[in-house]
Amino acid sequence: MNEYVINPHAVISAAVAGEEKRFPIRRVYCIGRNYADHAIEMGHDPDREPPFFFQKNPDNVCNVDTFPYPPQTSDVHHEMELVVALKRGGSDITLENALEHVYGYALGLDMTRRDLQGEMKKMGRPWEIGKAFEHSAPMGPIHPVSRTGHLDKGRIALTVNGELRQEGDLDQMIWKVPEMIAYLSRFYTLAAGDLIMTGTPAGVGPVERGDVMVGTVEGLGELVVTVV
Ligand code: MN
């Protein structure tokens, strides 16, 4: 007997490197302006003001090698990011304990309808329409921390059609992974299955249909996504 009035949605999940089992996704938190050089390129002061976060929808995450050019925009930007996957959560998590909540790390793209985001910023409205749309978070498999160790430094980069667009180092993050977990947990109850997109280095820019994006973080391989 079906206990729902409509068919329930499938569990949204991400692949795990070297495992047949998948990682179920609950929420997707994203930090803004977390690399000083990217804050500057977006016209902001990179001083260490409190961090700010927005969310994407769990079903915006996709483990596929194509990114369909989204509707209602003519300026879609790539933002290459390290993604943190949590295996447990809680409130008021301390800095000291924060990393114990991490299941693993993945490569991710925070695809952004920059024109819509800009209009919303100008009007003082939420950015959601620029950030949380279908296929807006292409992601590679999650690498368990048991195999990678914790990632606090290492090259992060993105090429488009072989040309280097974004490059930085994880050690340039203004807010580090434990700080992001601790800070978020003061405002939200974090839980197993939550993802945190940790911000992007400088060099964000537009893509067109046919472009091939290749993102990398040292130790996590490559994420290859074609815009279609
Ligand atoms: Mn971002």
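Relevant structure appears above.
Residues numbered from 1 in each chain as written. Predicted model: local features only at pLDDT ≥ 70, side-chain atom pairs only at ≥ 80, totals over all residues. Heavy atoms only, no water.

With 42 residues, the main nonpolar core has Tyr105, Ile181 and Met213 as its most contacted residues. Those elements giving two or more residues to this core turn out to be strand 3 (28-31), strand 8 (80-86), strand 9 (102-109), strand 13 (155-160), helix 5 (177-187), strand 17 (212-217) and strand 18 (222-227). Sort the elements by how many residues they give to this core and helix 5 lands first, with 5 residues. (Core = buried A, V, L, I, M, F, W, Y, C linked by side-chain atoms within 4.5 Å. Buried < 20%, exposed > 50% of the residue type's maximum accessible area, 1.4 Å probe, protein only. Helix = DSSP H or I, 4+ residues; strand = E, 2+ residues; numbered from the N terminus.)

Here we come to the packing of aromatic side chains. Following the criterion strictly, the structure yields 6 aromatic pairs and no others. Where Phe54 meets Trp127, the ring centres are 5.4 Å apart and the plane angle is 45°; that geometry is what we call tilted. Of this pair, Phe54 sits in strand 4 (residues 53-56) while Trp127 sits in the loop between helix 2 (114-123) and helix 3 (128-131); the two residues are 73 residues apart in sequence, bridging distant segments of the chain. Trp127 matches Phe54 in its accessibility class, with the two residues each being buried. Geometrically, the ring pair formed by Tyr183 and Phe187 is tilted, given 5.0 Å between the ring centres and 35° between the ring planes. With a gap of 4 residues between them, Tyr183 and Phe187 both fall in helix 5, about one helical turn apart. Put simply, the rings of Phe52, Phe54 and Trp127 touch in pairs and so form one group of aromatic residues. One residue, Lys56, lies across the ring of Phe133, its end atom 5.9 Å from the ring centre. (Phe/Tyr/Trp six-rings, centres within 6.5 Å; stacked < 30°, edge-to-face > 60°. Lys NZ or Arg CZ within 6 Å of the ring centre and 35° of its normal.)

These figures capture arrangement, not role.
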